[in-house]
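Chain and residue survey
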Amino acid sequence: MTDPAELTALANVIRERSSEILASWIVAFERSPIRFRRATKAATHTAQVANLVEALGVAASAELRPGSDATRELERSAAFLGAQFASEGSTGFDVAALLLELRDVIATLAKPPEAAALTRLFEWLTVVALDTFASSGLQALRERVSEQLEVGTPVIEILPKVPAVLLVGEPSTSVLEGLLSRAWMVAIGTGAPCLIIDCGGLVEAGERNFESGYKKFLEQAEGSAIQVLLSSARRPVRERAAALALERAIAFQHFDRFDSAVAHSLERAGHLLMRRS
């Protein structure tokens, strides 16, 4: 257990020598052997590190136990740092290097018991920062994928008055809602009798999201004479889609194949179908 008097002394040293700590950290970070790509410079993060040093000076006057009230501000700063690194396209190695090099610089100012406590604390802060780094990176990836699906998913007229939306991948509920709304506006704008919703490209997670987006779409479509044609949907999806359409009194039909749905829509739209003799 660390001595409160020693912690107070360490807190005073950190506050008095904060500029020296920051300067030493800049050199150590730039030379850190665990940085590979070196995608960021120390100067980019000096303000954040200065805040960490200040928060550490406050925490050291109380206790250096991970998860305690005294270290809460440190943990928030570490989490923010991880998110910032993720937004800059840096690597987890840079995140770890920043905190571990800062730990080593400050540990030289502490006596052995306090140095051990600092090591445990900085290991925890590194985990916190890396967790936020990974979470932020994953969220950014999801947002990019959603944007690509929203922009790239085909919402087209196969032929005049034969609109279709070809769902693919794992669109979120909001993306599905937007795509179906766009397709519905195409159907309304062209005077089409049917709208084809093809689910052949949806993965399992996309199928799970389909119902929520479809419900919102049916609220918009309620009262219309346009028939919804679902194609290439697996049985659970099509059964639920049919039940929801029935609740809203919307004409609905399912086809196992996309071309069958197109043929039905062509016939309803008054196109002459070419038949083999």
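Moving on, we get to helix α8 (residues 204–221). If you check α8, its first and last C-alpha atoms are 25 Å apart, about what 18 residues at 1.5 Å a residue would give, namely 26 Å. Listing the buried residues of α8 in full gives Ala205, Gly206, Glu207, Phe210, Gly213, Tyr214, Phe217, Leu218 and Ala221. As for α8, its buried residues are in contact with β2 (162–169), α7 (173–190), β3 (194–202), β4 (227–231), α9 (235–247) and β5 (252–255). After α8 finishes, the residue Gly223 shows a positive phi value of roughly 95°.

To continue, consider the side chain of Glu75. Position of Glu75 among the secondary structure elements: in helix α4 (residues 72–87). When near neighbours in sequence (up to four residues on either side) are disregarded, Glu75 contacts Pro66, Gly67, Ser68, Trp124, Leu125 and Val128.

Once that is clear, we can look at the packing of aromatic side chains. Applying the stated rule across the entire model yields 4 aromatic pairs. Note on Phe210 and Tyr214: the rings are 5.1 Å apart at their centroids and 20° apart in plane angle, and the pair reads as stacked. With a gap of 4 residues between them, Phe210 and Tyr214 both fall in helix α8, about one helical turn apart. Each member of the pair, Phe210 as well as Tyr214, carries the same accessibility label: buried. Geometrically, the ring pair formed by Tyr214 and Phe217 is tilted, given 6.0 Å between the ring centres and 40° between the ring planes. Taken as a pair, Tyr214 and Phe217 lie in helix α8 at a separation of 3 residues, close to a single helical turn. For the residue pair Tyr214 and Phe217, the accessibility class agrees, reading buried in each case.

Our next topic: the pattern of salt bridges. Note on pairing: side chains with opposite charge can pair once their charged atoms come close. Scanning all chains against the criterion turns up 14 salt bridges. Across the pair Glu20 and Arg17 runs a salt bridge whose closest N-O atoms are separated by 2.6 Å. As a salt-bridge pair, Arg235 and Glu239 come within 2.6 Å of each other at their nearest N and O atoms. Highlighted residues: Arg235 and Glu239, both in helix α9, separated by 4 residues, approximately one helical turn. Here the salt bridges share partners, and the residues they tie into one network are Glu30, Arg35 and Asp94.

Definitions and limits used
Residues numbered from 1 in each chain as written. Predicted model: local features only at pLDDT ≥ 70, side-chain atom pairs only at ≥ 80, totals over all residues. Heavy atoms only, no water. Helix = DSSP H or I, 4+ residues; strand = E, 2+ residues; numbered from the N terminus. Expected span 1.5 Å × (residues − 1). Buried < 20%, exposed > 50% of the residue type's maximum accessible area, 1.4 Å probe, protein only. Contact = heavy atoms within 4.5 Å. Phe/Tyr/Trp six-rings, centres within 6.5 Å; stacked < 30°, edge-to-face > 60°. Salt bridge = Lys/Arg side-chain N within 4 Å of Asp/Glu carboxyl O.

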